[in-house]
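Residue-level structural notes
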Amino acid sequence: LSGLDMYRDYFNEKLPLLYYYFSFFMRFLTPDIEGVRIISYSVLSMTFAFIYYLLYPSKNHLSLKIFIPLLSLFFLASSKSYNAATEPSLALIYLLVVLLIYEEKFSQLSLRNFFVGVLMGTALGFRQHSFIPALMLFFIPWHNISRMYYVLGFLAGVFTWIFYFVSHGLIDDLLWSTLFYAIDNPNIKSYIQPVGYFKSSFIIVFILFVFTTYTLKDTWRKWLPLFALSCSLSFFVRRSEEHTSELQSH
């Protein structure tokens with residue numbers, strides 16, 4: 001950043017983790033959009049590999065192993081989300097959360113809950129809306145032990161990335177840039193728009209939602225599609241690019 005402080009020296013409404021970990025890998029690639037694309041596509045490939053890994057044990061559900069990956073590919077093509085920088089990284093975090101929750105061999109349940117909390121606290125450093133699936137996980141009945149382990153892990157995950165901004169006196173700048181910037185902004189209605197509804201991408205997501213809900217037999221696991229939709233909120237309501245300059249100038 002050439003000695004500049006995030007949020008204090010320039011405006012950006014996104015949370016910081018994406019910038020820090022992308023900049024680390026771009027040191028070994030190219031410091032421009034090509035480097036961003038290489039990292040994004042690599043993480044996206046890992047995400048699809050993870051999906052296949054999670055679906056592999058479903059030997060009795062061949063349609064699940066074929067139908068969901070194909071629909072996911074169509075979703076990527078129709079929504080152009082393969083160009084996104086943040087979402088593939090968040091998807092990997094959320095899939096790891098699903099793996100930890102569903103893995104029956106996990107004997108240390110308190111440790112499992114703690115690590116799930118850490119991952120969700122880390123996800124909050126990428127997107128503001130990540131707080132909603134984190135809150136949903138608190139209420140979803142997957143906890144076999146006290147929810148306090150999950151809360152402690154979440155706070156530890158948040159503190160890990162926010163400590164730098166607190167220690168450098170940047171916390172007020174961070175909060176006003178990422179959370180409160182809309183308070184006195186006259187252009188906010190045109191800046192944040194519902195863009196994902198009534199398009200082929202939403203129809204695909206809806207089919208996945210219904211199909212997965214029908215396939216899952218355990219009652220509490222039927223919360224999983226709802227959790228997935230809450231993780232995808234940034235697709236359905238996102239900023240309108242043509243009004244970015246207006247917001248920044250304001």
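Every chain's residues receive numbers from 1 upward, in the order its sequence appears when written. Thresholds applied to this predicted model are a pLDDT of at least 70 for local features of residues and 80 or more for the giving and counting of side-chain atom pairs; totals over whole chains, interfaces and linings are not thresholded and use all residues. Only hydrogens and water are removed before side-chain values are computed, so all heavy atoms of the structure are retained for them.

1. Side note on the overall build of the protein chain
As a reminder, the rule being used: What counts as a helix is a DSSP run of H or I of at least four residues, what counts as a strand is a run of E of at least two, and both are numbered from the N terminus. Classification of residues uses two cut-offs on accessible area relative to the type maximum, computed with a 1.4 Å probe and protein chains only: under 20% is buried, over 50% is exposed, and between them is partly exposed. Contact between two residues is taken to exist if any of their heavy atoms lie within 4.5 Å; hydrogens are not considered. For the accessible areas, the method is Shrake-Rupley and the probe is 1.4 Å, while residue cover comes only from the protein chains on display.
Counting secondary structure elements, the protein chain contains 13 helices and two strands. Classification of the 250 residues of the protein chain by burial places 42% in the buried group. For the protein chain, long-range pairs separated by at least 24 residues make up 73% of all intrachain contacts whose partners lie at least 6 apart in sequence. Accessible surface for the protein chain amounts to roughly 14400 Å². Of this, 68% is attributable to carbon and sulfur atoms.

2. Observations concerning the pattern of salt bridges
Heads up, the rule is: By salt bridge we mean one thing: a side-chain nitrogen of Lys or Arg within 4 Å of a carboxyl oxygen of Asp or Glu.
Counted by the stated rule, this structure contains two salt bridges. Taking the shortest distance from any N to any O, the salt bridge between D173 and R8 comes out at 3.6 Å. Note that D173 is positioned in helix α8 (residues 171–178) and R8 in the segment before α1 (17–26), a separation of 165 residues in sequence. The network of salt bridges with shared partners includes D5, R8 and D173.

3. Overview of helix α2 (residues 33–55)
Here is the rule: Here the expected length of a helix is defined as 1.5 Å per residue gap, with one fewer gap than residues.
Helix length check: α2, at 23 residues, gives a terminal C-alpha distance of 33 Å against a target of 33 Å (1.5 Å per residue), a fit within 8%. Listed as buried for α2 are G35, V36, I39, S40, V43, L44, T47, F48, F50, I51 and L55.

4. What about the environment of F154?
In this fold, F154 is placed in helix α7 (residues 148–167). Residue F154 is classed as buried on the basis of its relative accessible area of 14%. For the pair F154 and A134, spaced 20 residues apart in the sequence, the C-alpha separation amounts to 8.3 Å. Among residues more than four places away in sequence, those in contact with F154 are G117, V118, M120, G121, L124, F131 and A134.

5. Description of helix α4 (residues 86–102)
Across its 17 residues, α4 extends 25 Å between first and last C-alpha, which sits within 8% of the 24 Å expected from 1.5 Å per residue. Burial runs high along α4: 13 of the 17 residues are buried.

6. Some points on unusual backbone geometry
Phi angles above zero are rare outside glycine, and Y7 is one such case at about 75 degrees. Among the structural elements, Y7 can be located in the segment before α1. When its relative accessible area of 5% is taken as the criterion, Y7 is described as buried.

7. Remarks on a nonpolar patch on the surface
Stated formally: Patches were defined on residues exceeding 30% relative accessible area and lacking a salt bridge, with like-charge contacts within 9 Å and nonpolar side-chain contacts (Val, Leu, Ile, Met, Phe, Trp, Tyr) within 5 Å.
Residues F24, F25, F28, L29 and I38 make up a contiguous nonpolar surface patch of about 490 Å² in total accessible area. Considering the arrangement of structural elements, one finds L29 in the loop between α1 and α2.

8. Digging into the confidence of the model for the protein chain
Convention followed: By definition, pLDDT measures how confident the predictor is in each residue, and it falls between 0 and 100.
Looking at the protein chain as a whole, its pLDDT mean stands at 77, while 72% of the residues score no less than 70. Low pLDDT (under 50) marks residues 240–250, which in the prediction has 17 contacts with non-local residues, meaning those over four places away or in another chain.

9. Description of the side chain of S230
Looking at the element boundaries, S230 is found in helix α11 (residues 223–231). When its relative accessible area of 5% is taken as the criterion, S230 is described as buried.

10. Some remarks on the nonpolar core
In plain terms, the rule: Side-chain atoms within 4.5 Å link the members of a nonpolar core, which is a set of buried Ala, Val, Leu, Ile, Met, Phe, Trp, Tyr and Cys residues.
Core analysis: the biggest nonpolar cluster contains 51 residues, and V97, V116, M120, L137, W161 and F227 have the highest contact counts within it. Counting residues per element, this core draws most heavily on α4, at 10 residues. Those residues in contact with V97 that sit more than four places away from it in its chain are V116, L119, M120, L137 and F227.

11. What about the packing of aromatic side chains?
The following threshold applies: Centres within 6.5 Å make a pair out of two Phe, Tyr or Trp rings, where for Trp the six-membered ring is used; the pair is then stacked when the planes are under 30 degrees apart, edge-to-face when over 60, and tilted otherwise. Consider the ring centre and the ring normal. A charge sits over the ring if Lys NZ or Arg CZ is within 6 Å of that centre and within 35 degrees of that normal.
Throughout the structure, instances matching the rule amount to 15 aromatic pairs. Arranged with centres 6.5 Å apart and planes meeting at 70 degrees, the rings of Y20 and Y164 form a pair that is edge-to-face. One end of the pair, Y20, is in helix α1; the other, Y164, is in helix α7, with 144 residues separating them in the sequence. For Y164, a relative accessible area of 34% translates into the label partly exposed. Feature note: the residues Y21, F22, F24, F25, F28 and F126 constitute an aromatic cluster, connected by ring pairs. R147 extends its terminal NZ or CZ atom over the ring of F138, reaching a point 5.7 Å from the ring centre.

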